[in-house]
Amino acid sequence: MSLTINISYTGVGQNAQKFAKEMETSGLADKIRAQVGNERYEYYLSLEDPQTVLLIDQWTDQAALDRHHASEMMHKIVKLRDKYELHMQVQNYVPTKAATKDAKFIRK
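Remember, predicted model here, so these are calculated numbers, not experimental data.

How each quantity is defined
Residues numbered from 1 in each chain as written. Predicted model: local features only at pLDDT ≥ 70, side-chain atom pairs only at ≥ 80, totals over all residues. Heavy atoms only, no water. Helix = DSSP H or I, 4+ residues; strand = E, 2+ residues; numbered from the N terminus. Buried < 20%, exposed > 50% of the residue type's maximum accessible area, 1.4 Å probe, protein only. Contact = heavy atoms within 4.5 Å. Areas by Shrake-Rupley, 256 points an atom, 1.4 Å probe, with all protein chains shown as cover. Lys, Arg positive; Asp, Glu negative; His and termini not counted. Charge placed at Lys NZ, Arg CZ, Asp CG, Glu CD. Polar contact = N/O pair within 3.5 Å; in protein donor to acceptor, adjacent residues only side chain to side chain. Pairing = 2+ DSSP bridges.

A look at the overall build of the chain
And then number 1: Within the chain, the secondary structure is distributed over four helices and four strands.
And then number 2: Ordering the α and β elements of the chain from the N terminus gives β-α-α-β-β-α-α-β.
And then number 3: Referenced to the eigenvectors of the C-alpha coordinate spread, the extents of the chain come out at roughly 45 × 35 × 20 Å.
And then number 4: Burial statistics for the chain: of 108 residues in total, 37% are counted as buried.
And then number 5: Considering only contacts within the chain whose residues lie at least 6 apart along the sequence, 70% involve residues at least 24 apart.
And then number 6: Of the roughly 7,400 Å² that the chain leaves accessible, carbon and sulfur atoms contribute 54%.
And then number 7: The averaged location of the 14 negative side-chain charges in the chain is 5 Å from the averaged location of its 15 positive side-chain charges.

Here is the structure:
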């Protein structure tokens, strides 16, 4: 069962965007994507709040996420968050069978 974590990073000015850009340009985001168990690691900009960046982070299971949290990469992420003085809101999701009922509303 996959775990999806939505993390909203908020900072002063464009600090959240600078953080996401540094994650990408430094190669750290790609290293996370290459970790065993990572299924998705994508940043999105908010149209409503330019000071917020959303990270959608998806893992195959809790064990994969735990390995990521114990990795050296996590220490680097924490340093970058501190560098840009970011605050976070975190939401965790697991898939449910009820989601299949919504298929009739999805245009493919």
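Section: the environment of Asn 15
And then number 1: Structurally, the position occupied by Asn 15 is in helix α1 (residues 15–25).
And then number 2: Residue classification places Asn 15 among the buried residues on the basis of a relative accessible area of 18%.
And then number 3: Here the alpha-carbon distance between Asn 15 and Arg 107, two residues 92 residues apart in the chain, equals 35 Å.
And then number 4: Look past the residues within four positions of Asn 15 in its chain and what remains in contact with it is Tyr 84 and Leu 86.

Quick word on the side chain of Thr 4
And then number 1: Following the sequence through the fold, Thr 4 ends up in strand β1 (residues 3–10).
And then number 2: Within polar-contact distance, the side chain of Thr 4 engages the side chain of Gln 58 at 3.5 Å.
And then number 3: Each residue touching Thr 4, except ones within four places of it in the same chain, is listed here: Ile 56, Asp 57, Gln 58, Gln 91, Asn 92 and Tyr 93.

Comments concerning the pairing of strand β2 (residues 38–45)
And then number 1: The pairing of β2 with strand β3 (residues 52–59) spans seven bridges and is antiparallel. Its bridge partner being in β3, Leu 45 is matched across the sheet by Val 53.

Regarding the side chain of Ser 2
And then number 1: If you trace the backbone, Ser 2 turns up in the segment before β1.
And then number 2: The exposure class assigned to Ser 2 is buried, which follows from its relative accessible area of 18%.
And then number 3: Polar contacts involving the side chain of Ser 2 include one to the side chain of Glu 39, which spans 2.6 Å.
And then number 4: Those residues in contact with Ser 2 that lie beyond four places of it in its chain are Glu 39, Gln 58, Trp 59, Thr 60, Tyr 93, Val 94 and Pro 95.

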